[in-house]
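# Structural characterization, general
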Amino acid sequence: MVLLGRKNERELIDRLLSATRLGHGGTVVIHGEPGIGKSALLAYATESAPGFQVLGAVGNEAERELPYATAQQLCASNLGALEHLPAPQRDALDVAFGHVNGAPPDRLFVGLALLGLLSQIASKTPVLCLVDDAQWLDHESAHAFAIAARRVRSERIAFVFGARTVPEVLTGFPDLRLDGLGPADARALLRSALPDPFDQSVAERILAETRGNPLALLELPRGMTAVELAGGFALPSSVPLAGRLHSSFRRRIAQLPATSRRLLLVAAAEPTGDPALVWPAAQRLGVDESAATAVEADGLLQMSPRVCFRHPLVRSAVYESASPAERRDAHRVLAEVTDPAADPDRRAWHRSQATWHPDDDVAAELEVSAGRAEARGGIAASAAFLERAAELTVDPKQRVARTLAAAEAKRQAGALEAALELAARAERSPLDDHQRAQLDALRGEISFASQRGRDAPRLLLAAAQRLELHDPRRAWDTYLDAMTAALFAGNLTNEVDARDVARAVLAAPPPLEPPAASDLLLQGLALLVVEGPAAGTPLARQALEKFRGNSITTDERLRWSWLAGRTAAFIWDYEAWDALTSRQVDMALATGALSVLPLTLSTTAGVQLFAGRLSEAESLFQQAEAVADATDTRTAAYAAVLVAAFRGYEQEAREFIDAAATDFAARGEGMGVTLTRCASAALCNGLARYDEAYIAAESALQDPYELWFWPWATVELIEAASRTSRADEAMPAFERLTESTTSSGTVWGAAVEDRCRALLSDGPLADGLYRSAIDRLSPTPLRLDLARTHLLFGEWLRRENRPAEARDQLRVAHTLFTDFGSDSYAERARIELRAAGERTHTRSPDAPGHLGQLAPQEARVAELVAQGGTNGEIAAQMFISPSTVEYHLHKVFRKLGVKSRTQLAKRVLEAAQANENG
């Protein structure tokens, strides 16, 4: 009856199920106040899904601290399908569900593994996943569900969530807000619940106050006396509806015998609904079968086959109406009957809730549970266990240690405000110097996570200096964190900048022998900042060699390879940049450590950009954004602003670059602000607006100690200077650049130096330098720099009245830029070609059969197919489902006019060869 008047809602569910049967899955979040009919609509979905495998789970407020508890509910009946998943995904779910021990799986990896499991089931029959009370999902399950639900568009999988309000992790999905029943349906439902006699004015008042809420229409009359029903007493309008329902349930509970109330309380405190736990525990409190009969007769509780309350409000009403002592008794008996071998964590939690005073035994047990939760990837649960352990710890020093550990776990879980609150709590206790250093490090890491720059360098530097005496290994890691934070902050930092960190590093006691790769990287960066490329490049190169070797730990490689790759780009070592970032991506995918991927993928996108693969670069930073969204990791549009600049769609690029600059400034990322100025210069050079390019590049070079992007900004400055009669003004910047390129000793560095020197020269010297740069770049993957060199050489030849030679160079440049999808630079080459006497026709990258017409995700799929990847392997690498890979592949086949993977691989290879040959 509660679905009376829900025609539109039922039709939405029907459409979702129909589309899912056809392989077009989807998701809807049904939300509304308690009792509005969400569960009834989910029940309708079940009834309307013949031929589907229906999987159900219910969020439980008492289990919000247990990692993957609700996800395990959903998958419980299909765990046998795990054996068909790729090993990394199978292992991720096994560890997350506590079946085996292993390294903590990344939340995104678990979500993708869940998608893989559902896809296995959906290959045989459509799947409907119903998740009720989603507002009470544990943190890890909520993210796993969201990750899977975002990727079912090409699957026979549907998700339907029910929640009071839309949980933050589920925002962005289609949602359906349920309002009350219409007047006629509400009256019919109320009439079925009212006894005779009743006063019509009472009925009208109930209808007005309940606003058509089905549960309220059924339950509120049960809480009213016969006199109230017959006499027309009004309901208290100042109390919210949920509160009135809550009060109604509490009144009904209060009328039950004491033993029945104790049974209800034990059931409310036991979240799994297992009668084998609830009944023995209740018996220890003197509950007999008559109590069960009474609560079942009243309709508040069902004892078989699972212990289930009529509504979640009943559970909360039972628990909140009990006294603290009564609650402790309920948790005590539940701890006594919970098997310590089968479910040690739930037993520890019950023991902690049964304890009202500090108890070291219980605290120690909670600490062990925290370790188990962390091993399953449940960082949020680990933090909750540690926080409660700290509250129950007797020794003040150990209490502080556990509080700091809880704060660190909160930070890792992304709960930054909660982490700061715990840090403040720890600070109110006496701290030794080591704990003070840990507190400084924690606050610095929180500052860096929330705003890349600002205060983080100062806090992290102070922490590193304190840690030197207590934990040298962590001290050096914290110094590298401080250096990273200072480089991100640039000239927007507060008080401490990269020079301060670098000087402190160089003055610190040397690292333990042999130095780790990260230690060499830190020392190399410090020298680069303070003394320049000539001093810092050799040590940086040693660090890169060590990172590329096999002697470093997995943790070190995962944590710092992106930074090593970025350093490789700075010292013009393209090969190391490519190798380090590619290896880190592969390792992150293999181990499930996906939280490192946003930075790594963004850095890898830069590798693709300089290879002229703009679509692949776009696909990578789209993947970076998807991973960051799924893992609550902040990312920024570093590679994206450069790609926008080289695409050259002026209005779109300017809007994007300006928005990125505003975001970087707000976050205190001076490095990002510098990059946006560099990108503006590259955009303007492509548009042949050289005065604007010079001004933008000059502004990017304002901070003389900015490390990452000044070489690229200098390249843009010199090109703009050569076209605006500013060669003399650019010479100081060029001399600084040559120190960097000469120190690098790489082909890339030498080629860039040759080209820039040519721009500032004339006559035979310029001719020879251009040719030298082209000869150096031609055998390399650095197609973007090669194309720019051909363009600049062709323009110079035309101005030297050598049109035939100019056309040869400009044709190559035009072809390359067109293949890249670099509109502005291709147009610049076309205009120069026409000026050199050639009648050009624009070769559009969108022409039928041309790879340039592929969207970024399609281009990435095509590339991976050409490399021999299966749909499953491609899905794992791109964080989508195999069906979505197939969906993209069909579109690629149609756009390129190919009929097989072999033909596609041939087409991609031919395009790559044509690109290489110019």
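The structure displayed is predicted, hence computed values, not measured ones.

This part is about the overall build of the chain. On a plain count of helices and strands, the chain comes out with 46 helices and seven strands. Computed over its C-alpha atoms, the radius of gyration of the chain comes to 32 Å, within 12% of the 29 Å expected for a compact globule of 918 residues. By residue count, 57% of the 918 residues in the chain fall in the buried class. Long-range contacts, defined as pairs at least 24 residues apart, comprise 70% of the intrachain contacts of the chain with a sequence gap of at least 6. About 36,100 Å² of surface is accessible on the chain, with carbon and sulfur atoms providing 51% of the total.

Turning next to the pairing of strand E3 (residues 127-132). Taken across its six residues, E3 has six buried, putting it largely inside the fold. The two faces of E3 match: Val127, Cys129 and Val131 on one face and Leu128, Leu130 and Asp132 on the other face are all buried. Bridge analysis of E3 against strand E4 (residues 157-163) gives five bridges, and the strand direction is parallel. Among the inter-strand pairings, Leu128 is bridged to a residue of E4, identified as Ala158. Handedness of the E3-helix H6 (residues 139-149)-E4 crossover: right-handed.

We now examine the pattern of salt bridges. In the structure shown here, the tally under the stated rule is 54 salt bridges. Salt-bridge contacts for Arg425 lead to Glu391; the nearest nitrogen and oxygen are separated by 3.9 Å. Pair noted here: Arg425 is in helix H21 (residues 416-427) and Glu391 is in helix H19 (residues 379-391), with a separation of 34 residues, a long-range link. What makes Glu391 partly exposed here is its relative accessible area of 39%. Asp754 serves as the salt-bridge partner of Arg776, at 2.8 Å between the closest nitrogen and oxygen. Here Arg776, found in helix H39 (residues 763-777), pairs with Asp754, found in helix H38 (residues 747-759); they are 22 residues apart in sequence, far enough to count as distant.

In this fold, Glu445 is placed in helix H22 (residues 433-450). Glu445 sits in the buried class, given a relative accessible area of 15%. Here the side chain of Glu445 touches Arg411 through a polar contact of 3.4 Å, side chain to side chain. For Glu445, the contacting residues outside a window of four places in its chain are Glu408, Arg411, Leu460, Arg474 and Asp481.

So, on to the environment of Arg15. Following the sequence through the fold, Arg15 ends up in helix H1 (residues 7-21). Sequence separation of Arg15 and Ala370 is 355 residues, and the distance between their C-alpha atoms is 44 Å.

Moving on: the nonpolar core. The biggest cluster of nonpolar side chains holds 145 residues, and the ones touching the most others in it are Met483, Leu525, Trp577, Trp708, Trp712, Trp748 and Phe817. The residues contacting Trp712, other than those within four sequence positions of it, are Arg566, Ala569, Trp572, Trp577, Phe610, Leu642, Cys678 and Trp748. Grouped together as the second largest cluster of nonpolar side chains are 42 residues, Leu74, Leu82, Leu117 and Ala122 included.

As a further point, take the packing of aromatic side chains. Following the criterion strictly, the structure yields 26 aromatic pairs and no others. Look at Phe488 and Trp562: their rings are 6.2 Å apart centre to centre, the planes differ by 50°, and that puts the pair in the tilted class. With Phe488 in helix H24 (residues 472-489) and Trp562 in helix H28 (residues 554-570), this residue pair connects regions lying 74 residues apart in the sequence. Taking relative accessible area as the criterion, Phe488 reaches 4% and is therefore assigned buried. The buried category is assigned to Trp562, whose relative accessible area is 9%. Taken together, the aromatic side chains of Phe488, Trp562, Trp572, Tyr574, Trp577, Phe610, Tyr638, Phe664, Phe709, Trp712 and Trp748 make up a single cluster linked through ring pairs. The ring of Trp712 carries Arg566 above its face, with NZ or CZ at 4.9 Å from the centroid.

Cut-offs applied
Residues numbered from 1 in each chain as written. Predicted model: local features only at pLDDT ≥ 70, side-chain atom pairs only at ≥ 80, totals over all residues. Heavy atoms only, no water. Helix = DSSP H or I, 4+ residues; strand = E, 2+ residues; numbered from the N terminus. Rg over C-alpha atoms; globule rule 2.2 N^0.38 Å. Buried < 20%, exposed > 50% of the residue type's maximum accessible area, 1.4 Å probe, protein only. Contact = heavy atoms within 4.5 Å. Areas by Shrake-Rupley, 256 points an atom, 1.4 Å probe, with all protein chains shown as cover. Pairing = 2+ DSSP bridges. Right-handed = clockwise from strand over helix to strand, strands pointing away. Salt bridge = Lys/Arg side-chain N within 4 Å of Asp/Glu carboxyl O. Polar contact = N/O pair within 3.5 Å; in protein donor to acceptor, adjacent residues only side chain to side chain. Core = buried A, V, L, I, M, F, W, Y, C linked by side-chain atoms within 4.5 Å. Phe/Tyr/Trp six-rings, centres within 6.5 Å; stacked < 30°, edge-to-face > 60°. Lys NZ or Arg CZ within 6 Å of the ring centre and 35° of its normal.

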